[in-house]
Amino acid sequence: MTRYLLTRVGLVVPTLLGVTLVVTVAVRLLPGDVIDQILGPDAVYVNPETRAALERRFALDRSIFEQYANWVIDLARGDLGRSLISGRPIASELAGRIPATVQLGTMGLAFALAIALPVGILSAVYRDRPVDYLGRSLAILLLATPSFWLGLLAITYGFILFRWTPPLRYHELWENPGANLNTMWIPALILGAHVSGRLMRLTRTTVLEVLGEDYVRTARAKGLRERAVILGHALPNALIPVVTEFGLQVRLLIGGTVVLERIFSIPGMGNYLLTSIQQRDYPVVQAIVLLTGVVVVLSNLVVDLLYSVLDPRVRYG
Amino acid sequence: MNSSDPGAPTGLPSRRQFLRGALALGLAAAGLAAAGCRVEPGAGRTQTPPSAGPRRGGTFSGLAAADPPSLDPYVSGSQGQAEFSAYSYSRLFMLKAGPNVARGSLEVVPDAAESVQVSPDGLTYTVRLRKNVAFHPPLDRAMTAEDVVFSWNRLTGRLPGSTPSVRAEDIQMVEAVAAADQYTVVFRLKNPYPFFLQKLADPKVFFIMPKETGTAFNPAEKVVGSGPWVLQEFVPGKLARFKRHPNWHLGPEIPYMDEVVVNVVPEYATQLSQFLGGNLEWVVVQGPDLKRVVDTVRGAQIYERPPYPLSVLNFSPREARWEDQRLRWAVSMALDRDAMLDAAYGLKELENQGFKVNRYWHTHIPAAFSEYWVDPKGPEMDPEAARYLKYNPEEARRLVQEAGGSFGTELHFAAANSRYGEPYRVMSELIVQYLSRVGINVRATEEDYNSVFIPQTARGEFNGLMWIPQTRVDPFAYLETQYLITTNKIYGRWNDAQLRDRVRQIQTMVDPDRLRREIRGIQNELLKKMYVVPMPYGAGLTFTAYQPWVRNAVEYQTFGQGWPSECLPYYWLDR
């Protein structure tokens, strides 16, 4: 187990370097550089000397690999660099935005689990009965409904029907928990609802599979109550694929919240990443991708380790 | 609102009295709402009830759709950058605001300047500075000519180690700037420029920064200006909080309000809900939502914004086909501008709701510049020129046939998620349909704004047609960018020496009446030549709504992004 862990952790650094290198190259290969974005439509009037000066200022006159190498060297020193556009340190920009995105993602995933597991299990247990039809229809509806649309509906009809608007200003959880939760619960519910569609279907399928297994039949033959059979015997075995899927959804903690952050005016990282890509703010994009990479790699590791907890037959060596 | 009348009869009213009273109150309220919220014909303003006079204090809850690109005003030339910088930084001049100023007025008033003297040849501007212009803390010192020259050098990249601002191109006409004494700055121009003071008033171009900028503090992290608002707090993605500058040179009475909080609210639907909920003092309203605003917020004040942005349909510089004038006319005459305005801005719906609606047609000068714009529907426009803007599909079809018959081409426009908004997208679809009806079979090419439209198409790398909006602070700038800048690939192709000479002549005019006459006159020629086709985008009605308690808001308006220092100091709150 220790050796396995060390190997996995050892792979984290090259994985992240590989990911950031790919992103560094890819974002610079996109047509239109940071200067084009700053100039906008007026780029057509700018003389070549001005453009050359701006290229020097943003170090765009150097090769991509030189730019990347310098970024990695700074990173090794613990410096994420500065935004090309705002000129402010990226670390401080991210520090202000990470908590909102992490909270929204976490609450969203919690809502997703809270919706998906009961509905998925009920669907499986009452297979081909009205509850199942209802659960499956709900899952398809949630999968098919874009979260931006739900968000806009919530904002527009929230006011028309209930005179409700989200608080104008976002407050951190530790500053003002009431105002924070008032801002966050609806976007988190919408986010969770969208994710829950997939988890619901997966839960139903895997629970159905294990309900036909011998050990479930044995449990029932022993005279256990149905609730104990489902929750004690079937569910733990059905959860492995669900946990895998859940682990994959952790990426929502970083990037999946873009639209909802925008609609509900939440100062998170999703919107910042989108703007940075549009503006070709290369160091910011690289920093956020690095951070996303860290979260995804670590969550995959945690998911792998969880397998052994859920299924004692799984051993790492 | 609570009130008590000592002479009022006491005791509870009867049921009949109550119902009668309620009915009368309801009718009165409906009448007031109808009278108080309608957009006045032509004026574009609603009137606030008279009040005792300006009241000091309070916090103005404003909004921005995004963070400014930077705190440093010279990093970006965007509208968001200009507006944010205008809170805290002074300019030498600014656009005049006030109850008697015409909409779209280009009149300038001194900001940090005290006066200006222009030489008879229009080549030297001697600007005297006010002596009471104070920089914000921690500097707390008076502005001098040295700061102005420093800022100019920073703008143009003449400071050691600095790069030119993206807006340095806008002031190419300036040869040198020097401090004559502690409070006098002299601008020497290479050639006369008719709207030079407006250029200095443009918040996209020139702000005055203290000479300690870059050495004593980093302007990307700290704002030290001398404008009406002192930046107290900036939380990216969330808000910017400004406190009134107690020693503002146009004070001490103004700014009337103590504080302004600019909340970042990116989404239009959220902005609108927050305004309707009373959390924001103002919001830009799209036409179809106007009735909802007026119905929900009793006493809402509505300002009809001038038709300021101009957009033009450009012809590919790669294709010889467009040399044929008949095809350029056909493109313009194929478009039903009124119908496009109706579809994109919901004007018919507004009319049905009882609002007075104007349908402006831009020429090559935006309709907002009413002093310089010639109304194509009016008597002053040469009928021969005006006919090229009128919807005439039969004539357009005939011209296409004469020029060789139907053909296929492309229309390049920015994708729906660009910053141009819904009217632009709607009009793009309509152009395709209108042109196809006259034999110009157009394939719509919707392009990503950041990856394709700006870096490639806007630079002239396209086939067929392309349309792009642009905004300039003065009417001459439109002529200059289209017909004088030879590096501009799109317009440079025409190489019309006679037209260029005429624009150059306008450039040298210092007599305002002659200048006005010439700019009005050249619009006839431009329509006949139709090197670019003026589009109705930006000419539709858009509105700004203010809460009923925001006073002076509709009376103090300027166009452009300078309003935080031109208008906001005069607003006051009467909750």
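Residues numbered from 1 in each chain as written. Chains lettered and ligands numbered in written order. Predicted model: local features only at pLDDT ≥ 70, side-chain atom pairs only at ≥ 80, totals over all residues. Heavy atoms only, no water.

*Asks:* How should the pattern of salt bridges be read in this particular structure?
*Replies:* Pairs may arise between side chains of opposite charge once their charged atoms sit close together. Counted according to the given criterion, the structure contains 55 salt bridges over all chains. In this structure, R51(A) engages D36(A) in a salt bridge whose closest nitrogen and oxygen atoms are separated by 3.3 Å. Placement of R51(A) in helix α3 (residues 48–57) and of D36(A) in helix α2 (residues 34–39) is noted, with a sequence separation of 15 residues between them. Here R51(A) and D36(A) have matching classes, each one buried. In this structure, the salt-bridge partner of E402(B) is R326(B), at a minimum N-O distance of 3.6 Å. Taken together, the positions of E402(B) in helix α11 (residues 393–402) and R326(B) in helix α7 (residues 325–333) put the pair 76 residues apart, joining distant regions of the chain. Owing to a relative accessible area of 42%, E402(B) belongs among the partly exposed residues under this scheme. According to the relative accessible area criterion, R326(B) is partly exposed, its value standing at 28%. (Salt bridge = Lys/Arg side-chain N within 4 Å of Asp/Glu carboxyl O. Helix = DSSP H or I, 4+ residues; strand = E, 2+ residues; numbered from the N terminus. Buried < 20%, exposed > 50% of the residue type's maximum accessible area, 1.4 Å probe, protein only.)

*Asks:* Quick question: what am I supposed to make of the pairing of strand β5 (residues 124–129) of chain B here?
*Replies:* Note on strand geometry: in a regular strand, side chains alternate between the two faces of the sheet. All names here are of chain B. Only one face of β5 is buried: it carries Y125, V127 and L129, and the other face, with T124, T126 and R128, is open. Bridge count between strand β4 (residues 113–118) and β5: five bridges; the pairing is antiparallel. The partner of Q117 across the bridge, within β5, is T126. Relative to strand β7 (residues 184–189), β5 runs antiparallel, the two sharing five bridges. Bridging from a neighbouring strand, T124 pairs with R188 of β7. (Pairing = 2+ DSSP bridges.)

*Asks:* Is there a simple way to think about the packing of aromatic side chains in this case?
*Replies:* One pair of aromatic rings is described through two measures. These are the centre distance and the angle between the planes. Residue and element names in this part refer to chain B. Applying the stated criterion to the full structure yields 34 aromatic pairs over all chains. A centroid spacing of 6.0 Å and a plane angle of 50° characterise the contact between Y89 and F207, whose relative ring orientation is tilted. Pair noted here: Y89 is in the loop between α2 (79–88) and β2 (93–95) and F207 is in the loop between α4 (196–201) and β8 (229–235), with a separation of 118 residues, a long-range link. Both residues of the pair, Y89 and F207, count as buried. (Phe/Tyr/Trp six-rings, centres within 6.5 Å; stacked < 30°, edge-to-face > 60°.)

*Asks:* How should I be thinking about the sheet that holds β4(B) in this particular structure?
*Replies:* Note on sheets: strands pair through backbone hydrogen bonds, and any given pair is parallel or antiparallel. All names here are of chain B. Taking strand neighbours across the sheet as the criterion, the four strands line up as β4-β5-β7-β6 in an open arrangement whose pairing is antiparallel. The outermost strands of the open sheet, each flanked by one partner alone, are β4 and β6 (174–181). Neighbour-to-neighbour, the strand axes of the sheet open up by a mean angle of 20°, direction not taken into account. Against the sheet, helix α3 (residues 145–156) touches β5, β6 and β7, its axis set at about 160° to β6. (Axes fitted to C-alpha atoms, helices over the stretch in contact; angles between N-to-C directions. Contact = heavy atoms within 4.5 Å.)

*Asks:* What's the story with the interface of chain B and chain A in this structure? I'm lost.
*Replies:* How big an interface is tends to be stated in terms of accessible area lost as the parts join. Taken together, the contact pairs 56 residues of chain B with 48 residues of chain A. When chain B packs against chain A, the two sides together hide about 4,300 Å² of surface, and 53% of this comes from carbon and sulfur. Counting every contact that joins chain B to chain A gives four salt bridges. In this structure, the salt-bridge partner of E221(B) is R82(A), at a minimum N-O distance of 2.4 Å. (Buried area = accessible area lost by both parts, 1.4 Å probe.)

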